[in-house]
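Here's the letter readout for the chains.
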Amino acid sequence: MSQSGAPIALNIRHQLPHRLRLDCPQELSNEQLLLIETAVQQLQPDWLVRAAAHRRGVVVSSQPEQRLCPAVVAGLVDTALRAPDPHGPAAPPTALQRLLGQSRQGSIKVLMALAIAGWVLPILPGTPFFLLAWWLGWRPEPEAEPAASAEAELQPALLQPST
């Protein structure tokens, strides 16, 4: 998929007045086929789109009395191929991923306890435990920003109309 503004090279493999077959340079994903079908359906609801050549092309067909404009169809397919990948909600974590996350959080808590004990006790070094906890993903809580910053105090207040 080309993320640049350059058009993708589409080849017209076969053309009839009511049917057009385009070959694409790469195999089309399900999302790309859905984007192409949606774009064509918005333009002409009675046109049909299907994958061809092992998903390396598309066939767009219409009613026999309608004519297809190859430039319009190629433009729609090109736009759909250059569109960014659609993002949906993240898949829920699997049981193994939940177990690994829980064990990581438990390890962080133990390492932070050892790091604090190491800074208090002279025999136990605390820094290595702190660094291991940091490596596992522990980060300090961000400090809450004050409600009114110094810059906001310098700005004049909005004038309210008198009643």
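The rules behind the values
- Residues numbered from 1 in each chain as written.
- Predicted model: local features only at pLDDT ≥ 70, side-chain atom pairs only at ≥ 80, totals over all residues.
- Heavy atoms only, no water.
- Helix = DSSP H or I, 4+ residues; strand = E, 2+ residues; numbered from the N terminus.
- Buried < 20%, exposed > 50% of the residue type's maximum accessible area, 1.4 Å probe, protein only.
- Contact = heavy atoms within 4.5 Å.
- Areas by Shrake-Rupley, 256 points an atom, 1.4 Å probe, with all protein chains shown as cover.
- Expected span 1.5 Å × (residues − 1).
- Arc of directions from axis to C-beta.
- Phe/Tyr/Trp six-rings, centres within 6.5 Å; stacked < 30°, edge-to-face > 60°.

Trainee: Describe the overall build of the protein, and please don't skip the residues or the numbers.
Mentor: Of regular secondary structure, the protein possesses five helices and four strands. Across the protein, helices and strands are ordered from the amino to the carboxyl terminus as β-β-α-β-β-α-α-α-α. Taken over 163 residues, the protein has a buried fraction of 21%. Counted over contacts in the protein with a minimum sequence separation of 6, partners at least 24 positions apart contribute 56%. Per element, the accessible surface of the protein, about 12,100 Å² overall, is 61% carbon and sulfur.

Trainee: So, helix α1 (residues 30–43): which residues are in play, and what are the values?
Mentor: With 14 residues, α1 extends 20 Å between its outermost C-alpha atoms, agreeing within 8% with the 20 Å of an ideal straight helix rising 1.5 Å per residue. Residues Gln32, Leu33, Ile36 and Val40 constitute the buried set of α1. Summarising the axial view, the buried residues of α1 lie within an arc of 100 degrees, below the 170-degree limit, and thus occupy one face. Opposite the buried face of α1, at more than 90 degrees from it, the exposed residues are Asn30, Leu34 and Gln42. On its buried side, α1 packs onto β3 (48–52), β4 (57–61) and α2 (70–82).

Trainee: Lay out the packing of aromatic side chains with the relevant residues and their values.
Mentor: For the coordinates displayed, the defined rule picks out two aromatic pairs. Where Trp119 meets Phe130, the ring centres are 5.7 Å apart and the plane angle is 50 degrees; that geometry is what we call tilted. Highlighted residues: Trp119 in helix α3 (residues 95–120) and Phe130 in helix α4 (residues 127–136), separated in sequence by eleven residues. What makes Phe130 partly exposed here is its relative accessible area of 22%. Here Phe130 and Trp134 contribute two aromatic rings whose centre-to-centre distance is 6.2 Å and whose plane-to-plane angle is 45 degrees, an arrangement assigned as tilted. Pair noted here: Phe130 and Trp134 are both in helix α4, with a separation of four residues, about one helical turn. Judged by relative accessible area, Trp134 falls into the partly exposed class, the value being 35%.

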